[in-house]
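Next come the chains, spelled out residue by residue.
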Amino acid sequence: MQSFEHSFSAMGGPCKIHIECQQERTALAALSAAEAEVRRLESKYSRYLSNSITSSINSSAGIAPVAIDEETAGLLNYADTVWQESAGLFDLTSGVLRHAWDFRSGLIPEARLIESLLAKVGWQRLQWTQSSAFLTEPGMELDFGGCVKEYAADSAASILRSNTIEHALVNLAGDLASVGGQGSGQPWTIGVRHPQSRNQAAASLELVDQALASSGDYERFIEFEGKRYGHILNPLTGWPVQGLAAVSVTGPQCLVAGSAATLAMLKPENEALKWLHTLGLPWVAVNYRGQAFSADGPGGSQFESE
Amino acid sequence: MGPFKKDSNGTLLALTSSALLLPAYQAARAEAPPEYTELGLRYSNYEEDDTAGSKTFGGSSERMEVDAAQFHLLAPVADNWSVALDVAWEDMSGASPWFVGQSAEGDDKIVMSGASIEDTRTEVSVTTRYYYERGGAGFNYTRSDEDDYESDAISVDGSFDSSDGQTTYSAALSASADDIHPTQGFIPTNTVEDEKDIRSAWIGVSRIISKRAMLRFGLSYTYRDGFLTDPYKLLDQRPDRRNEWVLQGGYRQFLVGPNAALHVDYRYFDDDWGVDAHTVDFAWHQNIGERTALIPFLRYHTQDKADFFANSVDISERYYADDYRLSAYGAISLGLRLRHDIGNWRLNLAAERYKSDNGWGIYGGEEAPALVNFWRTSIGLDYRFR
């Protein structure tokens, strides 16, 4: 069994695919097919690329419906399910709110600016069918960023499987999907970084044919009146959510694990921990006080604190 | 839209079933070769209620009982093939209705064959299946051997998914050649040796219509040719051809709240002997945790009589039969199945109660005194390994 690793940059971050297999030729063909799949999805859905489907939907906002294919309709359908399940808190049209919040400066935007941007947010104002999509208000923006990277990790893993790969780990800037376990028979072990220390793992999660997705970033937040706000924005208020700092979830699909992590981030800390505990998937969560929680034990046991 | 759903596990199910419709997950959902070798053993018992004394000449009579043992093996072979072997042994004993006669009071009463039937049946079935990117194709050979009956059957089938993976088309063809040589015992038989051939064709389509619902339709045609008369019945003379058509539809709905699935199936049968029948099935697949499922089911069946059926047959006619299976009746089955996984093992338990009655049917016609009620129970254990 040989190891093959391929790194490239896509989806706004570093990507790495690790394969263990007998034949170099099989591994190299699989690696390039998987990378091509990630690049295909990036060029199809990136809002920064002018010929992506996202850009053409956004530039036609308030003007005309845009033809979409089945995969896009499938993603909108999925996003609709997450929107419904989150009572409107997960919204692919909420990206415009980023224009108000600059997490580097730490400044609180003017209420008037938030209000004017909120007028351009609203999943229910996206009209879509299996073959077309239409943002009904000019200035509205659709952003698949909330699900495409996770979907790409799953899709790349699926490509590896169809290339007869049995042991692989796809890592798209922190969203992971595994094919089988390691060649040695061990699971893939993923450390979740400790909030206080770059080199220390707060917890480790094991993957065999499973995916791992994370939401949140404890280095990007805004402090306001003594409270810390993360960079996840509530599309109903226009304000960042005051909840957990970061959540990682493992599951059979990176896409679903990613949505579960995001939904947990959209809730207040205590509610989020309760919600995660009944989820039925392994998870690790970290709050702004540097405490880490995991699925072990009743109510989410605290295994590391300041 | 309600508040943020509190049931995170329900949310997880909703997200998963929605995600699985995306193309990246389609490959995993198309018909795929088994990843495991599967071994199964099952024992089942079928026991008909005694016939009431008021319906027979000569007092109450026991009827048929069948004990069956089944062995199942399914194994992946190479990357895209699987092979399955199924063997079944059946031990049949008891008595069956010989003919219907009329009492002095003019009532239709059954004359039973006497508790004389003893037969064993062995069936061996070999299936091989090839899996391609968007479906699979199979070939099956089945040989069945009884003291008085031999049957060889072959079938081929194939399935094909649409490019979006939402629709599956399938078709099958089968043929069998059967030899009948009734054992000569207490009752005289109406033939010494005969044969029949059966040809059958089936087409079907199933479609995923929403995140949690699936719809399917099927149409089949069967042609029987040869000795179709029951050799052990005194007053039985049937046509030597039978054309049968079946139209069926099914609906599956997964319900997130109760973590259960509702299965509703309907089947319409029609043939050129004048029999037509409707069957409706309801099953509720209730998941209890991840390892257990409890499945109560209810089936209703109603059929019209064959043109040549009568309790008091006229043997000067070309065709006649007093077999209750060709009479008009309605039947209700109520059952419960339990499935429980323990590691690599799966336990299957099932019990079913079947009752039939002329008055429960939607078709009019004479009540056959031999209409049957039975219990069926089974216990099975499957084992999976890589």
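That block above? That's the structure.
Scope of this entry: the structure provided in the associated data block.

Rules and cut-offs
Position numbers for residues count from 1 along each chain, tracking the sequence in the order it is written. Working convention: letters from A go to chains and numbers from 1 go to ligands, in the order in which they are written. Given that this is a predicted model, residues contribute local features only at a pLDDT of at least 70 and side-chain atom pairs are listed and counted only at 80 or more, while totals for whole chains, interfaces and linings are drawn from all residues. Secondary structure follows DSSP: runs of H or I at least 4 residues long count as helices, runs of E at least 2 residues long count as strands, and numbering of each begins at the N terminus. Put simply, a residue is buried when 20 or more other C-beta atoms lie within 10 Å of its own C-beta and exposed when 12 or fewer do; between those, it is partly exposed, and each C-beta is set from the backbone. C-beta atoms are placed from the backbone for every residue, and two residues are taken to be in contact when these atoms lie within 7 Å. Here a strand pair is declared whenever DSSP counts at least two bridges between the two strands. Note that Gly is not counted as nonpolar here; it falls among the polar residues with everything else outside the nonpolar set of Ala, Val, Leu, Ile, Met, Phe, Trp, Tyr, Cys and Pro and the charged set of Asp, Glu, Lys and Arg.

Let's shift gears to the overall build of chain A. When you go through chain A residue by residue, the secondary structure sums to 7 helices and 16 strands. Taken over 306 residues, chain A has a buried fraction of 48%. Intrachain contacts of chain A at a sequence separation of at least 6 include 58% that bridge at least 24 residues.

Residue and element names in this part refer to chain A. Examined bridge by bridge, strand 1 (residues 2-10) and strand 2 (residues 13-21) share 9 bridges and lie antiparallel to one another. In the strand pairing of strand 2, glutamate 5 is matched with histidine 18. Hairpin connection of strand 1 to strand 2: 2 residues between the antiparallel strands, including methionine 11 at a positive phi of 55°. Sheet topology places strand 2 next to strand 6 (residues 167-172); 6 bridges connect them, and they run antiparallel. Looking across to strand 6, one finds that glutamate 20 is bridged to histidine 167.

Here we take up the interface of chain A and chain B. With 31 residues of chain A at the contact, the number on the chain B side is 22 residues. Mapped onto the side of chain A that touches chain B, the elements with two or more residues apiece are helix 3 (70-85), helix 5 (148-162) and helix 6 (254-265) of chain A. Of the residues contributing to the side of chain A that touches chain B, the split by class is 13 nonpolar, 13 polar and 5 charged.

Residues and elements named next belong to chain A. Taken together, the 3 strands give an open sheet; going across it, the order is 3-5-4, and neighbouring strands pair in antiparallel fashion. Every interior strand has two partners, whereas the edge strands, strand 3 (66-67) and strand 4 (126-128), have only one. Of the pairings in the sheet, the one linking strand 4 to strand 5 (residues 132-135) comprises 3 bridges and is antiparallel in character. In the sheet register, leucine 126 faces strand 5, and the bridge partner there is leucine 135.

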